[in-house]
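Analysis of the macromolecular model
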Amino acid sequence: MAIERTLSIIKPDAVAKNVIGQITSRFEAAGLKVVAAKLVQLSRAEAEQFYGVHRARPFFKDLVDFMLSGPVMIQVLEGEDAIAKNRDLMGATDPKKAAPGTIRADFADSIDANAVHGSDAPETAAAEVAFFFAGLNVYSR
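As the structure is a computational prediction, the values presented were derived from the model and not from experiment.

Rules behind the numbers
Residues numbered from 1 in each chain as written. Predicted model: local features only at pLDDT ≥ 70, side-chain atom pairs only at ≥ 80, totals over all residues. Heavy atoms only, no water. Buried < 20%, exposed > 50% of the residue type's maximum accessible area, 1.4 Å probe, protein only. Helix = DSSP H or I, 4+ residues; strand = E, 2+ residues; numbered from the N terminus. Pairing = 2+ DSSP bridges. Expected span 1.5 Å × (residues − 1). Arc of directions from axis to C-beta. Core = buried A, V, L, I, M, F, W, Y, C linked by side-chain atoms within 4.5 Å. Contact = heavy atoms within 4.5 Å.

**Topic: the pairing of strand β1 (residues 3–10)**
For β1, a buried count of six out of eight residues is recorded, marking the element as mostly surrounded by other parts of the structure. By the bridge criterion, eight bridges tie β1 to strand β3 (residues 72–80) in an arrangement that is antiparallel. Within the sheet, the bridge partner assigned to Ile9 lies in β3 and is Ile74. One ladder, built from three bridges, connects β1 with strand β4 (residues 116–118); its direction is antiparallel. For Ile10, the partnering residue across the bridge sits in β4 and is Val116.

Written out as structure tokens, the structure is:
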């Protein structure tokens, strides 16, 4: 297995519930290391650009508005097979369909307020990490 990096966003609903630490501890318990992190309030321009791939979809405006509804914790996770591992930890996008014990099953309220975002492929992860951590010296263990 390869050492990978992936982007994780703990979304406004989970930040408001004060579960950043509980979610991050799940990443760490699964062998993922947090190598960069920041708590930010996204601007409309940032949210629209980041989620631009969904611009033509009917949920785009609601997604952007949701991501602006409060601060988000943005993290770079590193570890063996980090992308797939993170996606397994998150669970299905719809928390009603997420396996018990996954982040979304435990902390998400709905398919819209679903607690976390994670990169879905190596190319996406590289682009997403660069979007939020461009030019920063991301720690490597």
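**Comments concerning helix α7 (residues 122–133)**
Given 3.6 residues per turn, any residue in an α-helix points the same way as the ones three and four places further on. Relative to the 16 Å expected for twelve residues at 1.5 Å per residue, α7 spans 16 Å between its end C-alpha atoms, a close match to the ideal helical length. If you check which residues of α7 are buried, you get Ala125, Glu128, Val129, Phe132 and Phe133. In an axial view of α7, the angular spread of the buried residues amounts to 105°, which keeps them on one side of the axis. After α7 finishes, the residue Gly135 shows a positive phi value of roughly 75°.

**A closer look at the pairing of β3**
A large share of β3 lies buried, amounting to eight of its nine residues. Where strand β2 (residues 33–40) meets β3, seven bridges bridge the pair, whose relative direction is antiparallel. Paired with Lys38 across the two strands is Ile74, which belongs to β3.

**Comments concerning the nonpolar core**
Generally speaking, soluble globular proteins have nonpolar side chains that are buried together. Counting 20 residues, the largest nonpolar core has Leu7, Ile9, Met67, Ile74 and Phe132 as its most contacted members. Going through the elements one at a time, β1, β2, α3 (44–50), α4 (60–67), β3 and α7 are the ones with two or more residues in this core. Residue contributions to this core peak at five residues, all from α4. What Ile74 contacts, discounting residues up to four positions off in sequence, is Leu7, Ser8, Ile9, Ala36, Ala37, Lys38, Val40, Leu42, Phe132 and Phe133.

**A look at unusual backbone geometry**
Its identity is not glycine, yet Asn18 carries a phi of approximately 65°, on the positive side. Looking at Asn18, the relative accessible area reads 67%, which means it is exposed. In the Ramachandran plot, Asp81 falls in the positive-phi region, its phi being about 50° despite a non-glycine side chain. Tracing the backbone through its elements, the reader meets Asp81 in the loop between β3 and α5 (82–90). Asp81 gets classed as partly exposed once you look at its relative accessible area, which sits at 30%.

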